[in-house]
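The primary structure of each chain is shown beneath.
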Amino acid sequence: MGIMEALNELETIVLIVSAIVAAFFLFTWYRRILSAWPVNRGKSAKLVLGVLPVLVFFMILYILETAASHDVVNDRYYINFYLALGFAWLYLGVIVMSIFFNLSWVDDILNMNNKAALFAFTGGFLGLTVIYAAANIGDGPGWGCVVFAGALGLISWILLALIMNLFTQAFERVTIERDVSCGIRLGSFLLAIGIILGRASSGDWTSAYMTIVEFMVGWPAIPLTLMAIIAELLFIINGKYNNTPVNNPSDSVFGAYPLPHNVITGGKNNISGSDVDISILVSSVLWGITLIIIAVISITILPSMFGK
Amino acid sequence: MLSNVEVYKIWAQDNALWTEWVKPVSFANMRRKNFEGLSIPKADWVLQSDRSAAIIVDLPGKDGVLEGLALAHIGYRPVPLYNGVRYYNASKMIVPVHEIEDALYNGAVELSGLRISLDAPPAFLLDSNRMSGRVISGEYDNRWSIFPQDMPSASYLIGKGIRNVIVRTDIMRNDLEHILYKYQSLGITIYMDDGVIRRAVKVSKPSKFRNLFYRFSVIMGLRRNPAGGFGGMVPEESSGGYG
């Protein structure tokens, strides 16, 4: 008996654990949103956070009903099973973002009303969803192959985001500087690499080794990360930021580039404790859209190295 | 009698520069009662409002609030950063936040009578007892910590013309060092003032400075409250044994 077949023996336990974790996750999620005080503070953030689980529910459901394994698409039991597993996955993902990205939906978004964190977190949440949903695409012997393929995507996603942060200090600029433009770019980046790595995690299961080999189809995530790093540095170096030399050269591996200085000058608006340059905000939105378009193109047009 | 939201809005005035940083936790759980007068000290350790200086008041209990109100009288904007949740049984709380909340409640009347500029320099208010106290089973653990995310970034302060940060305290606490070291590294001068003597200090680099896991690891040792902030019962230890 193969390891995946052996894992299937645990299916009922996995369902029960997933259902409990998913229920706990959703209960905690909405309880925190509804009990955040004062009620009128951060209404848009609460709305976005409130809609996110509904949105990802339908995203995962659509994939399960249309592109999952042949024994899943028409089976209500398995669809519920993978939905519960999906929300347990997202619970894990939220913890991962809190640990590795220092990005907390409770602390940064609900408690501090940090709009930059809202954009970054939303992109990350959707990126995590895409990886899980895509890991369900294709035929396979059970939940083990979904978790295995998804874990490859998740680990790569974390590593690429950490590399991005190593060169740009993006997480700190989102959570401490409350740089909304950076939050938009970071959120878009997390979603974009999620799309590419999701594609890499998808496909029919043959073996663990072949899943790893076929995962290499996610190679466009690497040049996309490099592009995102370069763009991020250009956004930082851009003359639109104040370049008063008060920055610590040890702030990043690039050393002497100036961090955003956020000095109130004409054309800047105060949003969520940060001063936002509208032109940078607009170009960040455009860059974010570009990243996502590149990711979508890469999974639909670019030839894979391994013919997946 | 003001509602909790009205009291909050006095301390977190709309459009004021530092309102985003005011922590709502202390206001959410306030007990409404008749206003009592406060004995506000004179902030004679600060001569006048200095627009290039931000103040961090790190004093125990309600002293921080009273000092903040004294600073408000000379033009500073007090910004309460208290993040510990109140428990109905005051004797069970590890950090006694009830007197802070009472002072904030009573101070609202005082504060509403003052005309403070919307862009007045800030006086951030902290409770120096926030991490003190032993965690005992059956008690309400409302210890809390301050993180770099809880205060404006160094570049934001500099952008608002802040060049000096004066910490009103007797001892520099580790969580505050994480914030002050960053401020210092970006060119802000840090002063420590115990109410008698003010001296420029060089903040040492704290361990885990800028570590991505720092905040998570500290929070893991505290108890979150579902409504925000920190506060939760420490479970009673099982008596064990049989019979």
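For the structure, check the block above.
What counts, and where the lines are drawn
- Residues numbered from 1 in each chain as written.
- Chains lettered and ligands numbered in written order.
- Predicted model: local features only at pLDDT ≥ 70, side-chain atom pairs only at ≥ 80, totals over all residues.
- Heavy atoms only, no water.
- Pairing = 2+ DSSP bridges.
- Helix = DSSP H or I, 4+ residues; strand = E, 2+ residues; numbered from the N terminus.
- Right-handed = clockwise from strand over helix to strand, strands pointing away.
- Salt bridge = Lys/Arg side-chain N within 4 Å of Asp/Glu carboxyl O.
- Buried < 20%, exposed > 50% of the residue type's maximum accessible area, 1.4 Å probe, protein only.
- Phe/Tyr/Trp six-rings, centres within 6.5 Å; stacked < 30°, edge-to-face > 60°.
- Lys NZ or Arg CZ within 6 Å of the ring centre and 35° of its normal.
- Lys, Arg positive; Asp, Glu negative; His and termini not counted.
- Polar contact = N/O pair within 3.5 Å; in protein donor to acceptor, adjacent residues only side chain to side chain.
- Expected span 1.5 Å × (residues − 1).
- Axes fitted to C-alpha atoms, helices over the stretch in contact; angles between N-to-C directions.
- Parallel < 35°, antiparallel > 145°, perpendicular 65-115°, else oblique.
- Left-handed = near helix turned anticlockwise from the far one by under 90°.
- Contact = heavy atoms within 4.5 Å.
- Nonpolar A, V, L, I, M, F, W, Y, C, P; charged D, E, K, R; others polar.

### What about the pairing of strand β6 (residues 189–193) of chain B?
Two faces make up the sheet, and in a regular strand the side chains alternate between them. Residues and elements named next belong to chain B. Bridge count for strand β5 (residues 164–168) against β6 is 5 bridges, and the pairing is parallel. Bridging across to β6, Val165 finds its partner in Ile190. Regarding the hand of the β-α-β motif, the stretch spanning β5, helix α6 (residues 174–185) and β6 is right-handed. By the bridge criterion, 4 bridges tie β6 to strand β7 (residues 198–201) in an arrangement that is antiparallel. For Tyr191, the partnering residue across the bridge sits in β7 and is Ala200.

### Here's the deal with the pattern of salt bridges
All names here are of chain B. Taken as a whole, this structure holds 20 salt bridges over all chains when the rule is applied. Between Lys23 and Asp150 there is a salt bridge; the shortest N-O distance is 2.7 Å. Residue Lys23 is located in the loop between α1 (4–11) and α2 (25–28), and its partner Asp150 is located in the loop between β4 (140–141) and α5 (154–159); the two are separated by 127 residues in the primary sequence. You'll find Lys23 and Asp150 in the same group, each marked buried.

### Topic: the packing of aromatic side chains
Applying the stated criterion to the full structure yields 29 aromatic pairs over all chains. Summarising the aromatic geometry, the rings of Phe57 of chain A and Phe58 of chain A are spaced 5.2 Å apart at their centres and angled 85° between planes, so their arrangement reads as edge-to-face. Taking relative accessible area as the criterion, Phe57 of chain A reaches 30% and is therefore assigned partly exposed. An angle of 50° between the planes, with centres 4.6 Å apart, marks the rings of Tyr87 of chain B and Tyr88 of chain B as tilted. We classify Tyr87 of chain B as buried; its relative accessible area is 18%. Residue class for Tyr88 of chain B comes out exposed when judged on its relative accessible area of 60%. Ring pairs connect the aromatic residues Phe24, Phe25, Trp29, Tyr91, Trp105, Phe121 and Phe125 of chain A, which therefore count as one cluster. When the ring centre of Trp144 of chain B is taken as reference, the NZ or CZ atom of Arg130 of chain B above it lies at 5.9 Å.

### Observations concerning the side chain of Arg77 of chain B
All names here are of chain B. As for its placement among the helices and strands, Arg77 is situated in strand β2 (residues 77–80). For the buried Arg77, no salt bridge exists, and the shortest N-O distance to an oppositely charged side chain is 7.9 Å, to Asp119. One polar contact links the side chain of Arg77 to the main-chain carbonyl oxygen of Ile116, over a distance of 3.2 Å. At 3.3 Å, the side chain of Arg77 and the backbone oxygen of Ser117 are in polar contact.

### Thoughts on helix α7 (residues 143–168) of chain A
Compared with an ideal rise of 1.5 Å per residue, which puts 26 residues at 38 Å, α7 of chain A spans 37 Å between its outermost C-alpha atoms and is within 8% of the ideal. Two residues or fewer after α7 of chain A comes Gln169 of chain A, characterised by a positive phi angle close to 55°.

### A short note on the packing of helix α2 (residues 11–35) of chain A against helix α4 (residues 76–100) of chain A
Residues and elements named next belong to chain A. Relative orientation of the contacting elements α2 and α4 amounts to 55°, with a least axis distance of 8 Å. With respect to α4, the element α2 is oriented oblique. For α2 against α4, the interelement crossing comes out left-handed. Each of Glu11, Val14, Leu15, Ser18, Ala19, Val21, Ala22, Phe24, Phe25, Leu26 and Trp29 in α2 lies in contact with α4, whose residues at this interface are Tyr77, Tyr78, Phe81, Ala84, Leu85, Phe87, Ala88, Leu90, Tyr91 and Val94. The class makeup of the residues in the contact of α2 with α4 is 19 nonpolar, 1 polar and 1 charged.

### Remarks on the sheet that holds β2 of chain B
Residues and elements named next belong to chain B. One open sheet holds the 6 strands; their spatial order is β2-β3-β1-β5-β6-β7, and the pairing between them is mixed. For this open sheet the edge positions go to β2 and β7, each flanked by a neighbour on one side alone. Strand-to-strand twist in this sheet, taken as the mean axis angle between neighbours without regard to direction, amounts to 25°. With 5 bridges joining them, strand β1 (residues 53–59) and β5 adopt parallel strand pairing. Among the inter-strand pairings, Ala53 is bridged to a residue of β5, identified as Asn164. Packing of helix α3 (residues 63–73) onto the sheet brings it into contact with β1, β2, β3 (122–127) and β5, and relative to β1 it is tilted by some 155°.

Limitation: the analysis is restricted to geometry and does not speak to function.
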